[in-house]
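# Working through the structure, step by step
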Amino acid sequence: MANFVYTALNGQKARVSGTLEAPDRRGALVALKAQGLTPLSVSEQKGAVVKAEGQPVAGSSGGSFWKLSSGPAKRMKPGEVLLFSSELADLIEAGMTLGAALNSLANQGDPNSGMCVISSDLRDRIMRGEAFSDAVDAHPKTFPPIYGNMIRAGEASGAMVEVLHRLTEHYERTQSMKSKIISALTYPCIVLAIGVLAVIFAMVKIVPQFTELFKSMGQELPTPTKILMGMSEGLIKYGLFYAIGIVLTLILFRKWIKGPGRMKWDAFKLKMPLVKGLIASGAYASLAYTMQTLLSNGVNVLNALRISEETCGNAVIGAELHKARERVTDGTTISGPLAQSGIFPRMMTDMMALGEQTGNLPSALGHIGKRYEAELNRNIKVFTTALEPLLILFVAVVVGFVAIAILSAVFSATSAMSH
């Protein structure tokens, strides 16, 4: 059992606060409802001092209960949106109104955190009479188009809790796939970074010592040694300029792939050895799950394609979805235009066609999502298995070149001295 600090409204609409024991936060909400109280905020007690009965909660005061947080405008990260959706669903399911649930979230934790600030703004907009979907659309940096359209479908169908749970599942899947890809890239990047730093250290600190020794001998040095000494001297003299050039190149490249070069870069990623499996399977799984979530909650096909186009993360796939949306307006099925594009696998479009024929496209999209999520896991294993020996080979070649360049000069000097 855990202790929870709560603030609630009693039957006379007076604010009361106190503590109670419950197995979890949801249990605490149910216990408060059973006592005839309307929860405003419930948080687990972690050594904090409990406010006295009837005192205002931290972050609120008489006359400022509905006041928008004065903190700077912020956005929530995807992980925070996941937590926000899950918490909001639990609060509404426990019997709280949407406004009270948002107020509860606005009064949790740091008042200047992204979740508190945005929850406060959503609460205030709703109290002014705005629809929740419109309030969500006012924060495009936090809530992507799929979120607002799902909420709008939930408002129309009266299934807000179910929609929030499905959004939570959607974010959990998305976060899971991203974390898998990041974890697959972390180890190779660390190995590569250590290898590069080791080589730079050798070129700046170790090689110059041998350079002075070889020059003092006055012997003709082998070609590999001359190359190594030239590289070391250039790195010492112009290393700062090299670093600035690399940084500027990366900045310009980043701007290019976000601007005019995005289509070419995204097309290249779908053809790049080793990486294309990760990119393609991740994109197909995400696309299938997104469309399944939208169609299952009453969003029409055209809007589902538009939202998928905006959130797919790949310009090439987005362009084909845009073409498919134009064809669907003419009465064509989704699977037909996607199959003609040549971008999507035959298995994927065939399963979508089967779903359209049986009238259960969301179910087919769910199977497609599972299929490509499993393929993503396999591609991650292939990627890590293949990349490790490649990195080892790269480091071995670089270190071997340095060793051969130094040893060949030593052998040459020894041979000259023996004669």
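Nothing here was measured: the structure is a model prediction, and the numbers come from that model.

A few words on the environment of glutamate 233. Structurally, glutamate 233 can be placed in helix H8 (residues 223-258). C-alpha separation for the pair glutamate 233 and threonine 211, spaced 22 residues apart in sequence, amounts to 9.4 Å.

As a further point, take the layout of surface pockets. When its volume is computed, the largest pocket comes out at roughly 1,000 Å³. The wall of the largest pocket is formed by 34 residues, among which Thr174, Lys178, Thr311, Cys312 and Gly313 lie closest to the centre. Counting residues per element, the ones that place at least two in the lining of the largest pocket are helix H2 (78-93), helix H7 (160-217), helix H9 (262-269) and helix H10 (275-296). No other element matches H7, which puts eight residues into the lining of the largest pocket. Classifying every residue of the lining of the largest pocket gives 18 nonpolar, nine polar and seven charged.

Quick look at the nonpolar core now. Looking at soluble globular proteins, one finds that nonpolar side chains tend to be buried together. Grouped together as the largest cluster of nonpolar side chains are 82 residues, with contacts concentrated most on Phe84, Leu88, Leu122, Phe132, Phe143, Tyr147 and Leu164. The element that contributes the greatest number of residues to this core is H10, accounting for 11 residues. Beyond its immediate chain neighbours, meaning those up to four positions away, leucine 88 contacts Leu98, Ala101, Leu102, Leu105, Phe132 and Leu164. Core analysis: the second largest hydrophobic core is formed by 10 residues, Phe214, Ala405, Ile406 and Ala409 among them.

A few words on the side chain of glutamate 373. With respect to the helices, strands and loops of the structure, glutamate 373 is situated in helix H15 (residues 361-418). The exposure class of glutamate 373 is buried, given its relative accessible area of 16%. Among all residues touching glutamate 373, those that are not within four sequence positions of it are Lys180, Ala285 and Tyr289.

Scored by pLDDT, the protein has a mean of 81; 90% of the residues are at 70 or more. Below a pLDDT of 50 lies the segment residues 47-73, which in the model reaches 42 contacts outside its immediate sequence neighbourhood of four places, other chains included.

In this fold, aspartate 121 is placed in helix H4 (residues 114-127). For aspartate 121, the side chain forms a polar contact with the side chain of histidine 139, separated by 2.6 Å.

Next up on the list: H4. The terminal C-alpha atoms of H4 lie 20 Å apart, and with 14 residues this matches the ideal 20 Å at 1.5 Å per residue to within 8%. Taking burial as the measure, the 14 residues of H4 include 12 buried ones, the bulk of the element. Turning to H4, its buried residues number three or more, namely Gly114, Met115, Cys116, Val117, Ile118, Ser119, Ser120, Asp121, Leu122, Arg123, Asp124 and Ile126. Next to the buried residues of H4 lie H2, helix H3 (98-106) and helix H5 (132-137). Following H4 by one or two positions, glycine 129 has its phi on the positive side, about 105 degrees.

Glancing now at the packing of helix H11 (residues 301-311) against helix H12 (residues 315-328). Relative to each other, H11 and H12 sit at 165 degrees, their axes nearing to 9 Å. Of the possible angle classes, the one that applies to H11 and H12 is roughly antiparallel. In terms of crossing hand, the pair formed by H11 and H12 is left-handed. Seen from H11, the contacting residues are Val301, Leu302, Leu305, Arg306, Ser308 and Glu309; seen from H12, they are Gly318, Leu321, His322, Ala324, Arg325 and Val328. Tallied by class, the residues present in the contact of H11 with H12 amount to six nonpolar, three polar and three charged.

Looking at the secondary structure, you find glycine 313 in the loop between H11 and H12. In sequence terms glycine 313 and serine 286 are 27 residues apart; their C-alpha atoms lie 9.5 Å from each other. Setting aside residues no more than four positions away along its own chain, glycine 313 makes contact with Arg262 and Asp266.

A separate point is the packing of helix H1 (residues 25-34) against H2. Running from N to C, H1 and H2 cross one another at 25 degrees; their axes reach a closest spacing of 10 Å. Between H1 and H2, the angle falls in the class roughly parallel. Crossing of H1 against H2: the hand is right-handed. Residues Arg25, Arg26 and Leu29 of H1 form the contact with H2, whose own contacting residues are Glu87, Asp90, Leu91 and Glu93. Grouping the constituent residues of the contact of H1 with H2 by class yields two nonpolar, no polar and five charged.

Cut-offs used in this document
- Residues numbered from 1 in each chain as written.
- Predicted model: local features only at pLDDT ≥ 70, side-chain atom pairs only at ≥ 80, totals over all residues.
- Heavy atoms only, no water.
- Helix = DSSP H or I, 4+ residues; strand = E, 2+ residues; numbered from the N terminus.
- 1 Å grid on protein atoms, 1.4 Å probe; cavity = no way out; pocket = protein on both sides within 12 Å on 5 of 7 lines; lining within 4 Å.
- Points joined across faces, edges and corners; volume = space filled by probe spheres on them.
- Nonpolar A, V, L, I, M, F, W, Y, C, P; charged D, E, K, R; others polar.
- Core = buried A, V, L, I, M, F, W, Y, C linked by side-chain atoms within 4.5 Å.
- Buried < 20%, exposed > 50% of the residue type's maximum accessible area, 1.4 Å probe, protein only.
- Contact = heavy atoms within 4.5 Å.
- pLDDT = per-residue confidence, 0-100.
- Polar contact = N/O pair within 3.5 Å; in protein donor to acceptor, adjacent residues only side chain to side chain.
- Expected span 1.5 Å × (residues − 1).
- Axes fitted to C-alpha atoms, helices over the stretch in contact; angles between N-to-C directions.
- Parallel < 35°, antiparallel > 145°, perpendicular 65-115°, else oblique.
- Left-handed = near helix turned anticlockwise from the far one by under 90°.

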